[in-house]
2 protein chains.
Amino acid sequence: MEVGICKQDMLQKKKNAVLVDGVILNGPIMDSKAGEKFVEEACKIIMEEVIQKANDVTEKVCEWRAPETLKKILDLEMRDTGESHQKLLQLCQDVIQYSVKTSHPRFFNQLYAGIDYYSLVARFITEALNPSVYTYEVSPVFLLVEETVIKKMIEFIGWEEGDGIFNPGGSVSNMYAMNLARYKFCPEIKEKGLSSLPRLVLFTSEECHYSMKKAASFLGIGTENVYFIKTDERGKMIPEELEKQVQRARKEGSAPFLVCATAGTTVLGAFDPLDEIADICEKHGLWLHVDASWGGSALISRKHCRLLHGIHRADSVAWNPHKMLLAGIQCCALLVKDNSGLLKKCYSAKAAYLFQQDKFYDVSYDTGDKSIQCSRRPDAFKFWLMWKALGTTGLEERVNRALALARYLVEEIKKREGFQLLLEVAPIIKERMMKKGSMMLGYQPHRGKVNFFRQVVISPQVSREDMDFLLDEIELLAKDL
Amino acid sequence: MEVGICKQDMLQKKKNAVLVDGVILNGPIMDSKAGEKFVEEACKIIMEEVIQKANDVTEKVCEWRAPETLKKILDLEMRDTGESHQKLLQLCQDVIQYSVKTSHPRFFNQLYAGIDYYSLVARFITEALNPSVYTYEVSPVFLLVEETVIKKMIEFIGWEEGDGIFNPGGSVSNMYAMNLARYKFCPEIKEKGLSSLPRLVLFTSEECHYSMKKAASFLGIGTENVYFIKTDERGKMIPEELEKQVQRARKEGSAPFLVCATAGTTVLGAFDPLDEIADICEKHGLWLHVDASWGGSALISRKHCRLLHGIHRADSVAWNPHKMLLAGIQCCALLVKDNSGLLKKCYSAKAAYLFQQDKFYDVSYDTGDKSIQCSRRPDAFKFWLMWKALGTTGLEERVNRALALARYLVEEIKKREGFQLLLEVAPIIKERMMKKGSMMLGYQPHRGKVNFFRQVVISPQVSREDMDFLLDEIELLAKDL
């Protein structure tokens, strides 16, 4: 069924100039040679200033400037006429110089860090191809890749089958799960809405990610209907407290429908006891969602996957390979145990212009109608290429090393006097480290305690030397406090 | 206040090897030189196979393979051990070969197309820097750029002030607007949810994007509470019909809160009469949202901005520069007229670990709490760099040319006999053009009419020769039908 193509057929034949509405329509108007040259020159800057410096600890993590100062340095205004390539390349240099180097070995500020060369190449490819993932017709490769990656992630969760979709962030994945659980609880909400229904209630730990509240608000459930469950001193949900709250909700006449457990909380990195929580969910007929956005990658490690023991009993899981596995922001999957088409039933709007049913191929590959988005980025692809490059054992090594480094740091902190006291001055130390640019580290108050630093270890470029540096640097910055 | 940094300070000092949990922690484990070489080699492939071929009409738009065939060609499986660089580069080649070339001058299939070299460079920069846009501390440049771009877009809408945020897609922007209108209507929905409230009702045209139904379902409003307003033969909402439906909703005892007008409908490209719709919204106290995802870019053209006459009266606008302006997927802004902090009040969850109030800089730059996302991509940046490069006049030229080409095509179709009849065989012609790879063009049925082709003109690489080719090619492919 292949149809030959004659190159001559497709060549543009020169024609007389046509003028419509004052516009000459013949020939393209872009100077593609100049454009390609610009891309080449810019790529050289990116290579030298970002990629080759990613591992260089002698570079600054950030070149701090206050907002008003930075506005003056960058020429932000867009004008009627364009700038020269030379000026634009200088702008690119400036953008790079004053941006935070999140791939620097001493960027410990967020739950992502480091650089993965394979994922980066995949991202360059998709930016150049500029695809949108909704139909097989326009995204054949990326849809097959997404299917493959989702299958593999489902294997690591331990389900026999399932479904899934990549989303713009773990917060959005959590929203998907909440809406899916609600649809399962009462499918007619899709058409009728929540008005005149009993109050829907969901449960999650007091250490959960803030996206739970955002989701409850966005989905029309209301933040007051998120019941926060007490945690133990380590930050894990206490199953007995969950049981109590479910019973309380029932007594109130509200409609419990969902428990969100967390595997890797944002501040303390705690893993909720999934098996015990799953027992309670089964008993009460509640959907179990696990927000493993941060901790999910531990599933890849045979040594540490026990942290998520019981996750195979979940109905849905959010897992972000852009965090501990370095797949690049954003790379976030929602995985669903159901394989009866629940995701599609819950989300479909059946747009006739996109999801025609009379296509000449198997339209079950047109997965766009499982999404709240129309255009959607091929985020699975960068994870796939990285996985191909490193193999499962390479990914496993990343997880094992990150957890070993964390353990090393804990032991070293215990050896150093004064670190307990330092906590009260976190904002001052933070200001000093930003202005020096030596490292970046986040802080926050927690449960009535004063501000403390949260050290995040992710990147394979990080070593015990960086852990030692971290402690020395905090001591140095706080010497006079 | 600058603090000097001594490079020597930051150098890693060699230390004795430390073994924790079976992992040696000294030194980084990645071979960065090999990684950099891989990136360089892959960039060469991207340059030659994607970027330099983007304007070449003798290349195929797509290399069609059925799903099962493509699965065999691509080695999709992820294994325990990684692949060699040579194998990976071949994989990259294959991915490119079998992906649709959305930047090909004859890709007319979707509401995006073409290549913009400046936007592409911006995307390479952000992929290399891997930022997330929520706090000034980690994204100083990208937050200032977003603020600047939003201000400029607001100028073109014609508001004196306003607010805004870039989102992962126009569908999500429409959801934001719907939730914002609801919050404005009844702020306590954020905490209490919709249960026990009267039925909220919104109005949009029957030609609106399918994201309206998705949004109503996701937000717990329910698809039945989207009242679809009749359109005229050109696809524009009929204001008298809107008035009738608002009155009907009031009589039913439901609570109308929002009208979504469309500026550039998906299938017919119709622009709703915004001024007359704004009159009705004012009369009834309804929020006016304009989904200008597709048509918003016409605001840049002094010749065509009259299509959106009255848009300054809207309360919110969705506008995707990744469509007609070629900013690259995704680049989607929601603009809001309110400047009293409504966006933040509606969306904030005040996460203490991210949005600390005791920071050493003005935390009003930490805009992350206006979003339903936590990690968020710096999508404004590519639009900004492109705008800097082309100037407003360059952007205007793109819009003017696209509309002139569309007009040219209409005139040419009128001259050709038989084009009316061809419509019934759209799926067959589509199959033939995909397998030949000569161009890509979307089709759909509409209002009881049979399938017809929707020709989308966007890219500045497209010329009248391509319009002529399109008509010749359809005739050729359908010769025997």
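Residues numbered from 1 in each chain as written. Chains lettered and ligands numbered in written order. Predicted model: local features only at pLDDT ≥ 70, side-chain atom pairs only at ≥ 80, totals over all residues. Heavy atoms only, no water.

A. Broad picture of the overall build of chain A. Along chain A, the regular secondary structure elements total 16 helices and 12 strands. Since a compact globule built from 481 residues should have a radius of gyration of about 23 Å, the 26 Å found for chain A is in line with a globular shape. The dimensions of chain A, computed from C-alpha atoms along their principal axes, are 80 × 65 × 45 Å. For chain A, the proportion of contacts with a sequence separation of at least 24, taken over those separated by at least 6, is 73%. Accessible surface computed for chain A: about 16800 Å², of which carbon and sulfur atoms make up 51%. (Helix = DSSP H or I, 4+ residues; strand = E, 2+ residues; numbered from the N terminus. Rg over C-alpha atoms; globule rule 2.2 N^0.38 Å. Contact = heavy atoms within 4.5 Å. Areas by Shrake-Rupley, 256 points an atom, 1.4 Å probe, with all protein chains shown as cover.)

B. Up close: helix α16 (residues 464-477) of chain A. Between its terminal C-alpha atoms α16 of chain A stretches 20 Å, which fits the 20 Å expected from 14 residues at 1.5 Å a residue. In terms of residue burial, α16 of chain A counts as a mostly covered element, since 11 of its 14 residues are buried. (Expected span 1.5 Å × (residues − 1). Buried < 20%, exposed > 50% of the residue type's maximum accessible area, 1.4 Å probe, protein only.)

C. Quick look at the confidence of the model for chain A. Residues and elements named next belong to chain A. Looking at chain A, pLDDT values average 92 and 96% of them are 70 or higher. Counting contacts from residues 1-12, a segment whose pLDDT is below 50, to residues more than four positions away or on other chains yields 31 contacts. Both scores are given for the predicted complex: the pTM is 0.95, the ipTM 0.94. (pLDDT = per-residue confidence, 0-100.)

D. Seen up close, the pattern of salt bridges. For the coordinates displayed, the defined rule picks out 88 salt bridges over all chains. Across the pair Lys 370 of chain A and Asp 163 of chain A runs a salt bridge whose closest N-O atoms are separated by 2.8 Å. Of this pair, Lys 370 of chain A sits in the loop between α12 (342-347) and α13 (379-415) while Asp 163 of chain A sits in strand β4 (residues 163-167), and the two are 207 residues apart along the sequence. The class of Asp 163 of chain A is buried, set by a relative accessible area of 12%. The residue Glu 83 of chain B makes a salt bridge to Lys 87 of chain B at a minimum N-O spacing of 3.8 Å. Judged by its relative accessible area of 19%, Glu 83 of chain B falls in the buried class. Accessibility expressed as a relative area gives 29% for Lys 87 of chain B, which makes it partly exposed. (Salt bridge = Lys/Arg side-chain N within 4 Å of Asp/Glu carboxyl O.)

E. Molecular detail of the environment of Ala 404 of chain B. Along the chain, Ala 404 of chain B falls in helix α13 (residues 379-415). On a C-alpha basis, the gap between Ala 404 of chain B and Val 457 of chain B in space is 9.5 Å, while along the polypeptide they are 53 residues apart. When near neighbours in sequence (up to four residues on either side) are disregarded, Ala 404 of chain B contacts Val 20, Asp 21, Val 23 and Leu 25 of chain A.

F. Layout of the relation of the copies chain A and chain B. Note on the copies: chain A fits chain B at an RMSD of 0.0 Å, the axial shift is 0.0 Å, and the rotation between them is 180°. This pairing of chains is accounted for by a two-fold axis. Rotation axis and chain A: the residue whose C-alpha lies nearest the axis is Leu 219 of chain A, separated from it by 2.1 Å. Mapped onto chain B, 100% of the interface residues of chain A are again interface residues, and the two copies thus contact each other with one and the same surface. (Least-squares fit on C-alpha atoms with pLDDT ≥ 70 in both.)

G. Seen up close, the sheet that holds strand β12 (residues 449-454) of chain A. Residues and elements named next belong to chain A. Strand order in the open sheet formed by three strands is β3-β11-β12, and the pairing between neighbours is mixed. At either margin of the open sheet sits one strand with a lone partner, and together these are β3 (107-108) and β12. Bridge count for β3 against strand β11 (residues 440-446) is two bridges, and the pairing is parallel. When the bridges of β11 are listed, Phe 107 appears paired with Met 440. Sitting on the sheet, helix α15 (residues 426-436) touches β11 and β12, and the angle it makes with β11 is about 165°. (Pairing = 2+ DSSP bridges. Axes fitted to C-alpha atoms, helices over the stretch in contact; angles between N-to-C directions.)

H. Fine view of the domain arrangement of chain A. All names here are of chain A. Examined at the domain level, chain A breaks down into domain 1 (7-60 + 63-99), domain 2 (131-377) and domain 3 (384-477). Distance between the C-alpha centres of domain 2 and domain 3: 29 Å. The interface is formed by 27 residues belonging to domain 2 together with 20 residues belonging to domain 3. At the junction of domain 2 with domain 3, the criterion picks out one salt bridge. One salt bridge in this structure joins Glu 396 and Arg 302, with 2.6 Å as the shortest N-O distance. Here domain 2 is connected to domain 3 by five residue pairs in polar contact (both at pLDDT 80 or more). Its residues assigned to classes, the side of domain 2 that touches domain 3 comprises 13 nonpolar, six polar and eight charged. (Domains from an automatic or database assignment. Polar contact = N/O pair within 3.5 Å; in protein donor to acceptor, adjacent residues only side chain to side chain. Nonpolar A, V, L, I, M, F, W, Y, C, P; charged D, E, K, R; others polar.)

I. Structural view of the nonpolar core. By size, the foremost hydrophobic cluster in this structure holds 236 residues, and its most contacted members are Ile 51 of chain A together with Ile 51 of chain B. In this structure Ile 51 of chain A touches Ile 46, Ile 115, Tyr 117, Leu 120 and Phe 124 of chain A together with Glu 36, Val 39 and Ala 128 of chain B, once residues within four positions along its chain are discounted. Listed in part, the 68 residues of the second largest apolar core include Val 172, Leu 180, Leu 194 and Leu 334 of chain B. (Core = buried A, V, L, I, M, F, W, Y, C linked by side-chain atoms within 4.5 Å.)

J. A look at the packing of α15 of chain A against α16 of chain A. Residue and element names in this part refer to chain A. Between α15 and α16, the shortest axis-to-axis distance is 10 Å and the interhelical angle comes to 110°. Regarding the angle of α15 to α16, the classification is roughly perpendicular. Taken together, the residues of α16 that come into contact with α15 (itself represented by Ile 429, Arg 432, Met 433 and Lys 436) are Glu 473, Ile 474, Leu 476 and Leu 477. Here the residues of the contact of α15 with α16 sort into five nonpolar, no polar and three charged. (Parallel < 35°, antiparallel > 145°, perpendicular 65-115°, else oblique.)

K. Structural context of the environment of Ala 402 of chain A. All names here are of chain A. Mapped onto the elements of the fold, Ala 402 is located in helix α13. Judged by relative accessible area, which is 5%, Ala 402 ranks as buried. In sequence terms Ala 402 and Val 462 are 60 residues apart; their C-alpha atoms lie 8.4 Å from each other.

L. Local environment of the UniProt feature "modified residue: N6-(pyridoxal phosphate)lysine" (unreviewed entry) in chain A. All names here are of chain A. The positions that UniProt labels "modified residue: N6-(pyridoxal phosphate)lysine" (unreviewed entry) are, in the present scheme, Lys 323. Position of Lys 323 among the secondary structure elements: in the loop between β9 (316-319) and β10 (332-336). Residue classification places Lys 323 among the buried positions, given a relative accessible area of 12%. In contact with Lys 323, not counting residues within four places along its chain, are Leu 111, Tyr 112, Ser 293, Trp 294 and Ile 458. (UniProt positions renumbered as here; feature names shortened; annotations may be inferred.)

M. Up close: the sheet that holds strand β3 (residues 107-108) of chain B. Residues and elements named next belong to chain B. Here we have three strands laid out as an open sheet, ordered β3-β11-β12, and mixed in their pairing. Of all strands in the sheet, those bounded by a partner on one side alone are β3 and β12 (449-454). Across the sheet, helix α15 (residues 426-436) is in contact with β11 (440-446) and β12; its angle to β11 comes to roughly 165°.

N. Examining the packing of aromatic side chains more closely. Residues and elements named next belong to chain B. One pass over the structure, following the stated rule, counts 42 aromatic pairs over all chains. Centroid distance Tyr 136 to Tyr 361: 5.5 Å. Interplanar angle 55°. Geometry classified as tilted. Of the two residues, Tyr 136 sits in the loop between α5 (117-129) and α6 (140-157) while Tyr 361 sits in the loop between α12 (342-347) and α13, which places them 225 residues apart along the sequence. A single burial state applies to Tyr 136 and to Tyr 361, both of which are buried. An angle of 50° between the planes, with centres 5.7 Å apart, marks the rings of Tyr 136 and Tyr 365 as tilted. You can see Tyr 136 sitting in the loop between α5 and α6 and its partner Tyr 365 sitting in the loop between α12 and α13, a full 229 residues away along the chain. A relative accessible area of 0% means that Tyr 136 is categorised as buried. (Phe/Tyr/Trp six-rings, centres within 6.5 Å; stacked < 30°, edge-to-face > 60°.)

O. Seen up close, unusual backbone geometry. Here Ile 329 of chain A and Gln 330 of chain A are connected by a cis peptide whose omega angle stands at 5°. Turning to its location among the elements, Gln 330 of chain A is positioned in the loop between β9 and β10. Backbone geometry places Lys 350 of chain A, a non-glycine residue, at a positive phi of 55°. Looking at where Lys 350 of chain A falls in the secondary structure, it is placed in the loop between α12 and α13. Despite not being glycine, Leu 326 of chain B shows a phi value in the positive range, around 70°. Tracing the backbone through its elements, the reader meets Leu 326 of chain B in the loop between β9 (316-319) and β10 (332-336).

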